[in-house]
Amino acid sequence: MTQNYDVIIIGAGHAGIEAGLASARMGCKTLIITLSVKTIGLMSCNPAIGGVGKGQLVKEIDALGGQMAKAADFSGIQFRILNASKGPAVQSSRAQVDMEIYSQYMKEILEKQENLFIKEAEVKRLVVSDNIVMGVVTSKDEEILSKTVVICPGTFLDGLIYVGLKSFSAGRINEPAAIGLTNNLKELGFYLLRFKTGTCSRLDKNTIDFSKLIVQEGDNPARAFSFSSEKLIQKQVPCHITYTNKRTHKIILDNLCRSPLYTGLIKATGVRYCPSVEDKIVKFSDKERHQVFLELEGLSTDEVYPNGLSTSLPEDAQSDLIHSIEGLENAKIIRFGYGIEHTVAEPTQLKLSLETKLIKNLYFAGQINGTTGYEEAAAQGLIAGINAALRVKSKEALILDRATSYIGVLIDDLTIKGTLEPYRMFTSRVEYRLILREDNADLRLGKIGYDLGLVNSKDYEKLQRKKDAITEGFNCIRNTRLKPTREVNDKLTQYSSSPLKKSVTLEELLKRPQIDIEKLKNLCQEDFFNNFPELALRQIEIEVKYAGFIRRQLKDVERFKNLEKIRLPEGLDYTAINSLSREVKEKLSKFRPLNLGQASRISGVTPAAISILMVYLKKISHFCHPERSEGSY
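As the structure is a prediction and not an experimental result, all values here were calculated from the model.

The rules behind these values
- Residues numbered from 1 in each chain as written.
- Predicted model: local features only at pLDDT ≥ 70, side-chain atom pairs only at ≥ 80, totals over all residues.
- Heavy atoms only, no water.
- Helix = DSSP H or I, 4+ residues; strand = E, 2+ residues; numbered from the N terminus.
- Expected span 1.5 Å × (residues − 1).
- Contact = heavy atoms within 4.5 Å.
- Core = buried A, V, L, I, M, F, W, Y, C linked by side-chain atoms within 4.5 Å.
- Buried < 20%, exposed > 50% of the residue type's maximum accessible area, 1.4 Å probe, protein only.
- Pairing = 2+ DSSP bridges.
- Axes fitted to C-alpha atoms, helices over the stretch in contact; angles between N-to-C directions.
- Phe/Tyr/Trp six-rings, centres within 6.5 Å; stacked < 30°, edge-to-face > 60°.
- Lys NZ or Arg CZ within 6 Å of the ring centre and 35° of its normal.
- Parallel < 35°, antiparallel > 145°, perpendicular 65-115°, else oblique.
- Nonpolar A, V, L, I, M, F, W, Y, C, P; charged D, E, K, R; others polar.
- Patch = residues over 30% accessible without salt bridge, like charges linked within 9 Å, V, L, I, M, F, W, Y side chains within 5 Å.
- Areas by Shrake-Rupley, 256 points an atom, 1.4 Å probe, with all protein chains shown as cover.
- Salt bridge = Lys/Arg side-chain N within 4 Å of Asp/Glu carboxyl O.
- Lys, Arg positive; Asp, Glu negative; His and termini not counted.
- Charge placed at Lys NZ, Arg CZ, Asp CG, Glu CD.
- Left-handed = near helix turned anticlockwise from the far one by under 90°.

1. Overview of helix 11 (residues 441-452)
An ideal rise of 1.5 Å per residue puts 16 Å on 12 residues; helix 11 measures up with 16 Å between its terminal C-alpha atoms. Where helix 11 is buried, its residues meet helix 2 (54-63), helix 9 (374-392) and helix 12 (457-479). Following helix 11 by one or two positions, glycine 453 has its phi on the positive side, about 90°.

2. Comments concerning the nonpolar core
Nonpolar side chains in soluble globular proteins tend to end up buried together. Of all hydrophobic cores here, the largest spans 102 residues; its most connected members are Ile49, Leu126, Val150 and Ile151. Counting residues per element, this core draws most heavily on helix 9, at 11 residues. Formed by 26 residues, the second largest nonpolar core is a distinct cluster that contains Ala469, Phe474, Leu482 and Leu537.

3. Comments concerning the pairing of strand 9 (residues 143-151)
Here strand 1 (residues 3-10) pairs with strand 9 via 7 bridges, running parallel. Residue pairing across strands places tyrosine 5 opposite serine 146, the latter belonging to strand 9. One ladder, built from 3 bridges, connects strand 8 (residues 132-138) with strand 9; its direction is antiparallel. Looking across to strand 9, one finds that valine 136 is bridged to isoleucine 144. Counting the residues between successive antiparallel strands, the hairpin from strand 8 to strand 9 contains 4 residues, one of them, aspartate 141, with a positive phi of roughly 60°. Pairing between strand 9 and strand 20 (residues 362-364): 3 bridges, direction parallel. Bridge pairing links valine 149 to leucine 362 in strand 20.

4. Considerations on the sheet that holds strand 12 (residues 192-199)
The 4 strands are arranged 11-10-19-12 in an open sheet whose pairing can be described as antiparallel. Only two strands of the sheet have a single neighbouring strand rather than two, namely strand 11 (166-169) and strand 12. The mean inter-strand angle of the sheet, taken between neighbouring strand axes irrespective of direction, is 25°. Pairing of strand 10 (residues 160-163) with strand 19 (residues 338-345), which is carried by 3 bridges, proceeds in the antiparallel orientation.

5. Observations regarding the packing of aromatic side chains
A complete count under the given rule lists 6 aromatic pairs for this structure. The cationic tip of lysine 29 hangs over the ring face of tyrosine 5; the distance from NZ or CZ to the ring centre is 4.8 Å. Lying over the aromatic face of phenylalanine 227, lysine 59 brings its terminal NZ or CZ to 4.9 Å of the ring centre.

6. Points about the packing of helix 9 against helix 10 (residues 406-417)
Across the interface, helix 9 lies against helix 10 with an axial gap of 10 Å and an inter-helix angle of 90°. It follows that helix 9 is roughly perpendicular to helix 10 by the angle criterion. Facing helix 9, whose interface residues are Glu376, Ala379, Gln380 and Ile383, helix 10 presents Ile407, Leu410, Ile411 and Leu414. A breakdown of the residues in the contact of helix 9 with helix 10 according to their chemical character gives 6 nonpolar, 1 polar and 1 charged.

7. Comments concerning a positive patch on the surface
A contiguous patch of positive charge on the surface is contributed by Lys511, Arg551, Arg552 and Lys555. In this structure, arginine 551 sits in helix 17 (residues 547-565).

8. Some points on the pairing of strand 2 (residues 30-34)
Burial of strand 2 is extensive: 5 of the 5 residues sit out of reach of the surface. Every second residue of strand 2 is oriented toward a common face, with Thr30, Ile32 and Thr34 on one face and Leu31 and Ile33 on the other, all of them buried. Bridge count for strand 1 against strand 2 is 4 bridges, and the pairing is parallel. Within the sheet, the bridge partner assigned to valine 7 lies in strand 2 and is threonine 30.

9. Observations regarding the environment of lysine 619
Within the secondary structure layout, lysine 619 lies in helix 20 (residues 607-624). Distance in space between the C-alpha atoms of lysine 619 and tyrosine 102 is 57 Å, their sequence separation being 517 residues.

10. A short note on the side chain of threonine 199
Structurally, the position occupied by threonine 199 is in strand 12. Residues in contact with threonine 199, not counting those within four places in the same chain, are Ser44, Cys45, Tyr305, Ser310, Thr311, Gly337 and Tyr338.

11. Notes on the packing of helix 3 (residues 68-75) against helix 4 (residues 99-112)
If you want to describe how two helices pack, look at the angle between their axes and the distance between the axes. Viewed as axis vectors pointing N to C, helix 3 and helix 4 meet at an angle of 135°, and their least axial separation amounts to 9 Å. Here helix 4 runs oblique to helix 3, going by the angle between their axes. When the axes of helix 3 and helix 4 are compared, the crossing they make is right-handed. Between helix 3 and helix 4, the contacting residues are Met68, Lys70, Ala71, Ala72, Phe74 and Ser75 on the first element and Ile101, Tyr102, Tyr105 and Met106 on the second. The residue inventory of the contact of helix 3 with helix 4, partitioned by class, reads 8 nonpolar, 1 polar and 1 charged.

12. A few points about the sheet that holds strand 3 (residues 48-50)
Pairing is antiparallel across the open sheet formed by 3 strands, whose spatial order is 3-5-4. Only two strands of the sheet have a single partner each, and these edge strands are strand 3 and strand 4 (76-82). Between one strand and the next, the sheet's axes are offset by a mean angle of 20°, whatever the strand orientation. One ladder, built from 3 bridges, connects strand 3 with strand 5 (residues 92-97); its direction is antiparallel. By the bridge assignment, glycine 50 is partnered in strand 5 with arginine 94. Its contacts with the sheet put helix 3 on strand 3, strand 4 and strand 5, and the angle it makes with strand 4 is roughly 120°.

What follows is the structure, given as structure tokens:
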């Protein structure tokens, strides 16, 4: 029996959840199809949300009206700001979460969402007519029609799990892989790759000797992930740190002949920045030890995740290496680690909207685009869901650029540069990270989320109050002066800052490296600081202390946007531009950038080539429109 929807989402992992919620909240009749309703929102690897670069993605998802940050706050059992001792540009939030609570929370959110329906089935192929997707067909030959389709399959496309030299088909341990859809994508003409990821063994906390381990507490007070969260509700717990040692390394090296990675069984490309423990031992042979974080997977479970010990070695080798580590000598292994190969689609086959170039109204999101990590998947899912809904409404797609957000960098990297290995977000990938901080994600993106209908009125009003407080706070510190009294100068001396010789504004004082907002409060006799929320004061402090760097970066952004404004004609014949090298011609013809900014980010397209393009564009523009001035481009 044929059914009709506006949007069909294939998969209910982190990408599928955000895609489904976004399209449904934007008023589209949405169907999520999942292999198992029980595994909605399941965290198949580490029990954490956020991290370096990833925390910024989660904050931006939240600012746009997504769900991940709220779920992290509801289920979080330890919160930390990473790189807290460094500058604000690289500080990132991370929350260790209760995996069961997280998954259940997401499942309930989906079930309660208006316009959203859930179906347990396997999609074996797409319904395509004239290169336009029309719906899907399930393994039971049920045809379901839809105006748009978003594919978010995680690691399930032709998933193949390895434990030692043994392998078997699975999308996740004890869950079947999706086979038919992979073949269908090949038939439709998509270029597919194979990537590899993996996970750790799980240990019984009752058999770990915690007295030998280093305790790592969370931040106190903990800072919530979501801009709308009022408080954190779960009990907070510590994690523990231990290390591998020479004996561990010898066990691993002695068993490399049984590793699917080093015997050639796994041919797929692995994760560079989150390698297996055997990869770390081989590639960093000069290191005598590697850090292992023991993280509890939840408040009602005894399972512990040994972060840093991802492996696909045989079970007996896994057992030996774990028992060689201090504190884990008698640890009981609840579940062994494994490696998994899965199919991905080369992401340069996508537009910036995440719509495929081959098939209209078809969107890809998550690990199918070559990324690794919950956060990267959720960010893509949100954008794909938004753009599928906008297509249904016949509206322009939402495109976030590199100067707007980490999400913009993520999607730009994937669709313009592509990736030959699992892609992970880092702050180092972001050119304008000082102005794209996680603390101002709501100021940057909140209005976009509100205009889309994803941010509710209450949260938007809260954002407006924050903006007003920042503006008022700036006015106060710029117009309030502090006189060189004895009391003030004594305090400045205590703070290792030079005494005042004349009155200065609070802004001038805050620029001093020794003075932070708390010390400024102490120096100031007036109590007007009490009128401003902490988040607003933090914004003021950052903007004042990094004013020069921020101005410089804003100028860089202006130059970036100027290049982005210079559009390249859709049918431009690059082979006819004689001054370009053959490599540049081939790459421009393959990737078909929309503007000079995108062209400049394609590997191999040099600054000289961009200059040649600018001259060529002026020439053809003048030929077609002789009335235009020379400064048109």
